[in-house]
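Given next are the chains, with one letter for each unit.
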Amino acid sequence: MLCGPCGWFGPAAGLAAREHRGENDYQCEQKRMAQPGTMPNRMASLNQHLICANAITGSSTMGNGRLIRSMAAVSQLLKTRAFAPLLVILVLMTSVGAVLAAGAVWSRPDESTHPALTLPPLKQVQATGQIKEFELDVGRTGWELAPGKTVDAYAYNGQVPGPELRVTEGDTVRVTVKNALQEPTTVHWHGVEVPVGMDGVLGLSQAPIQPGDTFTYEFVAIPAGTRWYHAHANELAQQGGGLVGALIIEPRDPQPQSARPDREFTLVSGEWVTSSTTAPTGPMLMPTPGSAGGMDSMMGQGAGPMAQGVGRLNYDTFTLNGKTYSAAPPLMVRQGERVRLRLINANATDTQIFALPGHRLSVTHTDGNVLQQPVQVEAVPLGVGERADVEFVADNPGRWQLEAFMPALSSQGEVVPLSDIVYEGHEADAAQDFAPDAQVRIASYANFGGPPHPDPPDRVYELTLSGGVMMGMGSPTNWTINGKNYPNTDPLEVHLGQRVRLKLLNMSMEDHPMHLHGHTFQVVAANGRAIDGPLKDTLTVRHMEQYEIEFVADNPGDWLFHCHNLVHMGGGLMTEIHYR
Ligand code: C2O
Ligand code: CU
């Protein structure tokens, strides 16, 4: 079987599609990555490959393989554009079929056939009694992304991103938030298993912190790892406008000296609209009321940011720790050091594939949670809200350009430089990029291993993510789970102690970085193949991908599960999980 777009073919032509997708997926990527070409071409091929792998993958564990196959085939054919008018009709018919099939196959109540006879122990919160206190003043500030390029940002303590909060696992964290904005705000502790009253979801778990008011958050810092915090009110404007920061929870058991890196950097990405003159190429997408200053930024002239017909504004300026490439101070290292980067995608909408030329990156943690084995790559994709800890050995002296490939920036994607890694003594060197023949391996979830997970789940939900401008239909502001917009999505009613499995399928054209509040989940299947996958709190489901994730309902309350693309979130791609 030949994989048309990527040219990969299996050792046996009759290889089942699922095996191709499962076992050989990585090889397929490897082959593509090994092909010479420019950096954008090579990295854009990831997109291409995922689509092509999906087209081949007909079978599905989700009971609707035929549907998936036909939709994928349609999207493949649409790429040729030759049959577009005919296909619109076909798509319409297929969509009707989709709704019917979804109803028939997926509406079965999935109440447990394996009731939890004994409840697993509730989360053991081991508070050490150590109290760490912080203050966050929430306000507006003119933030200089680069000399001469200032945006009207939202800021914690006057800075973008907000201060890095660093605590030790088990510490009691007490954060006093003072709201100096003209609008309500709240703070969410992303990836931290807080009690629900501290989760900061305006209107669900917390009353708004009104202008002039103060609220003190208090929670025990678990689990250890790279976490972050951000506003959870008027998200596109506030979170997208600068209300983000890193929260690092160090493991309480001191790591052996040998396991500790010599140096580490926390790197928080961001994206900004600085030009209001870009011609609209799609429907206009207005930020929610009250957000004008945040995204519309700078000069206040022109018509404001426009959507490109996809779920993003016209972000044109990309930052690391609040500064553009030209303005970011280089990351200084010494030869021989082991260096850790804590990468946090705090963008408003865009997936980034972080890459470092000249070095091998060892991925050690996903969303702050340690992997069973580090995975060696040159590039790591992160959807909005995701984090990765990567390490490299500084064994290639010079100045190297840390960069991000951004698939959504154009049809082929673009490489955006973020910062330079500079070896001491090489300050004057020119920044180096990947060699033309460099092999760029891109990490994928299927390569990451977590602990073995018990089977089976007590409760299963199947969630189809869709919406947007899907092949010419729909609206860029309409995003759905099982065909419904929040707040009309069906909440997931689970019970304390249950192991809950969510089967996710992305039928739309854009990435959905799905975030579960208050819990860590495990990826247990990727595109139809069962895996003991990584522990995460945010999982990016790309076009036509399927994942199954599981979490234990051990932190009672009303929680959100939503897409972290702030445009999709605002457009309704969100649901609630309830239990007492
Ligand atoms: Cu990081 Cu509901 O968010
Ligand atoms: Cu989304």
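Residues numbered from 1 in each chain as written. Chains lettered and ligands numbered in written order. Predicted model: local features only at pLDDT ≥ 70, side-chain atom pairs only at ≥ 80, totals over all residues. Heavy atoms only, no water.

Caption draft 1: Representation of the confidence of the model for the protein chain. Confidence in the prediction for the protein chain averages 79 pLDDT; 72% of positions are at 70 or higher. Taken as a whole, residues 277-309 scores under 50 in pLDDT and shows 73 contacts with residues more than four places along the chain or in a different chain. (pLDDT = per-residue confidence, 0-100. Contact = heavy atoms within 4.5 Å.)

Caption draft 2: Summary view of the environment of I577. In this structure, I577 sits in strand β33 (residues 574-579). Residue I577 is classed as buried on the basis of its relative accessible area of 1%. Once the C-alpha coordinates of I577 and V494 are considered, the two residues, 83 residues apart in sequence, prove to be 7.2 Å apart. What I577 contacts, discounting residues up to four positions off in sequence, is L492, V494, L516, F551, G557, D558, W559 and F561. (Helix = DSSP H or I, 4+ residues; strand = E, 2+ residues; numbered from the N terminus. Buried < 20%, exposed > 50% of the residue type's maximum accessible area, 1.4 Å probe, protein only.)

Caption draft 3: Focus on the pairing of strand β19 (residues 387-393). Extensive coverage of β19 is indicated by the burial of six of its seven residues. In terms of strand pairing, strand β14 (residues 338-344) meets β19 through seven bridges, oriented antiparallel. Residue pairing across strands places L341 opposite V390, the latter belonging to β19. In this structure, strand β16 (residues 361-366) lies alongside β19, joined through four bridges in antiparallel fashion. Directly across from T366, in β19, lies its bridge partner A388. (Pairing = 2+ DSSP bridges.)

Caption draft 4: Main features of the coordination of the copper ion (ligand 2). For the copper ion (ligand 2), the full set of protein donor atoms is H512 (ND1), C563 (SG) and H568 (ND1), at a range of 1.9 to 2.1 Å. Written as a sequence motif, the donor arrangement for the copper ion (ligand 2) is H-x50-C-x4-H. Classification of H568 as buried rests on a relative accessible area of 0%. (Donors = N, O, S within 2.8 Å, 3.2 Å for Na, K, Ca; no water.)

Caption draft 5: Geometry of the nonpolar core. L341, L502, L504, L539 and F561 are the most contacted members of the largest nonpolar core, which has 73 residues in total. Those residues in contact with F561 that lie beyond four places of it in its chain are L463, L502, L504, M514, H515, L516, I549, M574, T575 and I577. Judged by nonpolar contacts, the second largest core, of 26 residues, contains V194, Y229, A231 and I249. (Core = buried A, V, L, I, M, F, W, Y, C linked by side-chain atoms within 4.5 Å.)

Caption draft 6: Main features of the pairing of strand β3 (residues 131-146). Where β3 and strand β6 (residues 172-179) come together, eight bridges link them in parallel fashion. What sits directly across from D137, in β6, is K178. Across eight bridges, β3 lies against strand β4 (residues 149-156) in antiparallel orientation. Within β4, the position partnered with E144 by the bridge is T150. Hairpin connection, β3 to β4: the antiparallel pair is bridged by two residues, and G148 has positive phi, about 85°.

Caption draft 7: Structural detail: the pattern of salt bridges. Counting across every chain of the model gives 30 salt bridges. Where D389 meets R342, a salt bridge forms, and the shortest distance between an N and an O atom there is 3.6 Å. Here D389 is found in strand β19, whereas its partner R342 is found in strand β14, with 47 residues between them in sequence. Taking the relative accessible area as the measure of exposure, D389 reaches 2% and is therefore buried. (Salt bridge = Lys/Arg side-chain N within 4 Å of Asp/Glu carboxyl O.)

Caption draft 8: Main features of the packing of aromatic side chains. Overall, the coordinates contain six aromatic pairs when judged by the stated rule. Relative to Y229, the ring of Y156 has its centre 5.3 Å away and its plane inclined at 50°; by these criteria the two rings are tilted. Here Y156 is found in strand β4, whereas its partner Y229 is found in strand β9 (residues 225-231), with 73 residues between them in sequence. Y229 carries the same exposure label as Y156, and that label is buried. Their ring planes at 80° and their centres at 5.5 Å tell us that Y445 and Y547 sit as a pair that is edge-to-face. With Y445 in the loop between β21 (414-423) and β22 (459-467) and Y547 in strand β31 (residues 546-552), this pair connects stretches of sequence that are 102 residues apart. (Phe/Tyr/Trp six-rings, centres within 6.5 Å; stacked < 30°, edge-to-face > 60°.)

Caption draft 9: Up close: the sheet that holds β16. Within the open sheet, the six strands sit side by side as β12-β11-β14-β19-β16-β17. Their pairing is mixed. Because the sheet does not close on itself, it has two edges, and the strands there are β12 (317-320) and β17 (369-377). The sheet shows a mean angle of 25° between the axes of neighbouring strands, taken without regard to direction. In the sheet, β16 pairs with β17 via five bridges, with the strands oriented antiparallel. Bridge pairing in β17 links L361 to V377. (Axes fitted to C-alpha atoms, helices over the stretch in contact; angles between N-to-C directions.)

Caption draft 10: Fine view of unusual backbone geometry. A cis amide bond links V160 to the next residue, P161, at an omega of -10°. Structurally, the position occupied by P161 is in the loop between β4 and β5 (165-168). At the junction of Y486 and P487, the peptide bond is cis and its omega measures out at 10° in the coordinates. Inspection of the secondary structure puts P487 in the loop between β23 (479-481) and β24 (492-493). One non-glycine residue, N157, lies in positive phi territory at about 55°. Here N157 is to be found in the loop between β4 and β5.

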